[in-house]
Protein chains: 2
Amino acid sequence: MGGDFAPQNIVAGALDALRHASNRFDIILVGREDEIKKELEKHSINGLRFSIVNATEVVGMDESPTVALKQKKDSSITVGLTLHKEGKADAFISAGNTGAVMSASTIILGRAEGVSRPTIGTPFPTEKGPCLLLDAGANVDCKPQHLLEFGMMGSIYANYILGYDNPTVGLINIGEESTKGNEITLEAYNLLQKSKLNFIGNIEGRDILKGKANVIVCDGFVGNIVLKFAESVLGLLKAKFKDYTASNLLNKIWVGLMYRTLKKILKDFDYQEHGGVPLLGVNGISIIGHGGSTPKAIMNMILKAEDMLIKEVDRHIAEIMLVNKNERQ
Amino acid sequence: MGGDFAPQNIVAGALDALRHASNRFDIILVGREDEIKKELEKHSINGLRFSIVNATEVVGMDESPTVALKQKKDSSITVGLTLHKEGKADAFISAGNTGAVMSASTIILGRAEGVSRPTIGTPFPTEKGPCLLLDAGANVDCKPQHLLEFGMMGSIYANYILGYDNPTVGLINIGEESTKGNEITLEAYNLLQKSKLNFIGNIEGRDILKGKANVIVCDGFVGNIVLKFAESVLGLLKAKFKDYTASNLLNKIWVGLMYRTLKKILKDFDYQEHGGVPLLGVNGISIIGHGGSTPKAIMNMILKAEDMLIKEVDRHIAEIMLVNKNERQ
């Protein structure tokens, strides 16, 4: 029921995922049964393996997560995550209220041992393939130790899901030298340096898209601003193209001709392609999607969940974080 | 002598500025006289009003500002700023070591009364014309009061130089609600709210390019990362286009045809167009350029300095900061 286009986009995306994956998995659609059934009538569902679990309440996109989770015990978020917790589902995905999915995942699934703060990792396109930036907004005020943990969890993800062998880790900073930065990054630099990670030092804002590091570490304040800024770049480009085409007919024809080529080139910038972002550090798999997720984005989120399940990302994270915790003591 | 292409680009840009402005002003070229003279030989300088002041030392782009300023008393930065301080020049511009120009400007020109921290404001293109983001990297660890002052100085600049009447001021944050943010932004929100500025509240990363605010306030850590990230977007686009054209000949021809149109559309993203960024809050005019500044960027920096001089931006800032200081006491 989550997101700006629920349940239609969620249902459509789930069915697409089943078709795309030739029923490698079952999908449980969690939410208001009557609304979901009405939505299903629009589709051909013959042979697709899914079921419905009723959840009567919906957490609004603008609701306070803490209040919503306390008051709405029968929300699709709580019911879905509980299915995962109880082993009735192997993963959970949602395009709903980000804060609520994050909090509920942490509370219901629990933090893995040794994880101070679960973190949201978000892929960025770069000149050399995707990188993972974290934290992307789950943790606003961070301690240096948190940044180290983000680097560890991100490295596991970059290894198993993005396919980088011994992934490089960079710390977002205002200069390359180890003496640059604010209080938090100066100390985080030392922790990362001493760790077993493949730490390549500070990287600047301009290095993200260049693909200088496979894993990029920052606090959730910086990560959130950069992520949202990046998502808006396409919007400005579109507006500029619109202004340009409005100026005369020839320009309009010209841009029309360019459009398909541009779209192909800019495909990597489209968040629909990679679907949602994983919440790392909880006991389980929880993937959070954009509120405006299209069916394609939903399908990709489900396929990503399957990939994380097969690669046992959560188990690998739990193992390394436990080792790290024991070493610190 | 500053920047990656000194003195050639600086000399060329200065001469272009004199031609473009029909000698409305004189230019003093500060640096190694012999090198500058050699450079001048490449140009037709007939009738152009400039002079040379010799400075034997050069601050390297990677030198530590504090060390460089202490050891190199006869650097082009120190000599140039001293000319401005003594009234022999009305403004100072440099494409040199950013930290050194910033420190030297603050030390030699002095902070305006009531200014806790001088700040670098950088223009961003938006769907609705340029906005000013500050601080863009001068102040890494900020207190809420500093953010308020950035908003005040930025408003003056946005008013007189960008031409916005009663410019809107937004605080970069991870959500629109006043309850969102880290410790610093939560407190800064209150200060901005209580001020006389046209404060429109928090704005998110995605709102910058939409043009939601004329003046955008953040600490120098966030500002620096976002600025450098934004500057790198064109680089990734270029790389994507290159990959695409490499894939087959037809694509190559096609992108070749699009190139001029694209360049026109992306003009606003080109920092060469707006030249350098002003250091606000010092007693005088100090403009800092990109190390890789082209002659065009240098020319635009000089024209911007002239504009700031005519509009008396530094005087207006000093006045409002003094009033604010007295009201706080």
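Residues numbered from 1 in each chain as written. Chains lettered and ligands numbered in written order. Predicted model: local features only at pLDDT ≥ 70, side-chain atom pairs only at ≥ 80, totals over all residues. Heavy atoms only, no water.

(A) Geometry of the side chain of D207 of chain B. Residue and element names in this part refer to chain B. In this structure, D207 sits in the loop between β7 (198-203) and β8 (215-217). Overall, D207 belongs to the buried group, its relative accessible area being 4%. At 2.7 Å, the side chain of D207 forms a polar contact with the backbone nitrogen of E204. Not counting the four nearest positions on each side in its chain, D207 is found in contact with E176 and K212. (Helix = DSSP H or I, 4+ residues; strand = E, 2+ residues; numbered from the N terminus. Buried < 20%, exposed > 50% of the residue type's maximum accessible area, 1.4 Å probe, protein only. Polar contact = N/O pair within 3.5 Å; in protein donor to acceptor, adjacent residues only side chain to side chain. Contact = heavy atoms within 4.5 Å.)

(B) View of the packing of aromatic side chains. Applying the stated criterion to the full structure yields five aromatic pairs over all chains. Where F124 of chain A meets F229 of chain B, the ring centres are 5.9 Å apart and the plane angle is 85 degrees; that geometry is what we call edge-to-face. Taken as a pair, F124 of chain A in strand β4 (residues 119-124) and F229 of chain B in helix α8 (residues 220-247) lie in two separate chains rather than in one. When sorted by exposure, F124 of chain A lands in the same class as F229 of chain B, which is buried. Note on Y189 of chain A and F199 of chain A: the rings are 5.2 Å apart at their centroids and 75 degrees apart in plane angle, and the pair reads as edge-to-face. Separated by ten residues along the polypeptide, Y189 of chain A in helix α7 (residues 183-194) and F199 of chain A in strand β7 (residues 198-203) bring together distant segments of the chain. Pair check on accessibility: Y189 of chain A and F199 of chain A agree, each one buried. (Phe/Tyr/Trp six-rings, centres within 6.5 Å; stacked < 30°, edge-to-face > 60°.)

(C) Focus on the pairing of β7 of chain A. Residue and element names in this part refer to chain A. Judged from the five bridges that link them, strand β6 (residues 168-172) and β7 form a sheet pairing that is parallel. Each residue of the ladder has a partner; that of I172, found in β7, is I203. Between β6 and its parallel partner β7, the chain crosses via α7, and the hand of that crossover is right-handed. (Pairing = 2+ DSSP bridges. Right-handed = clockwise from strand over helix to strand, strands pointing away.)

(D) Main features of the interface of chain A and chain B. Between chain A and chain B, the residue contacts involve 47 residues of the former and 47 residues of the latter. Together, the buried faces of chain A and chain B total about 4600 Å²; carbon and sulfur atoms form 75% of this surface. Here chain A and chain B share two salt bridges between them. For K228 of chain A, the salt bridge goes to E204 of chain B, with nearest N and O atoms at 2.3 Å. Linking chain A with chain B are six residue pairs in polar contact (both at pLDDT 80 or more). Elements supplying a minimum of two residues to the side of chain A that touches chain B: α7, α8 (220-247) and α9 (249-265) of chain A. Among the elements that line the side of chain A that touches chain B, the one with the most residues is α8 of chain A, at 18 residues. The residue makeup of the side of chain A that touches chain B, split by class, is 27 nonpolar, eleven polar and nine charged. (Buried area = accessible area lost by both parts, 1.4 Å probe. Salt bridge = Lys/Arg side-chain N within 4 Å of Asp/Glu carboxyl O. Nonpolar A, V, L, I, M, F, W, Y, C, P; charged D, E, K, R; others polar.)

(E) Fine view of the packing of helix α6 (residues 144-160) of chain A against α7 of chain A. All names here are of chain A. Look at α6 against α7: their axes get within 8 Å of each other, and the N-to-C directions meet at 50 degrees. Overall, the two elements α6 and α7 adopt an arrangement that is oblique. At the point where α6 passes α7, the crossing takes the right-handed sense. Contact residues: α6 offers P144, Q145, L147 and L148, while α7 offers I184, E187, A188, L191 and L192. (Axes fitted to C-alpha atoms, helices over the stretch in contact; angles between N-to-C directions. Parallel < 35°, antiparallel > 145°, perpendicular 65-115°, else oblique. Left-handed = near helix turned anticlockwise from the far one by under 90°.)

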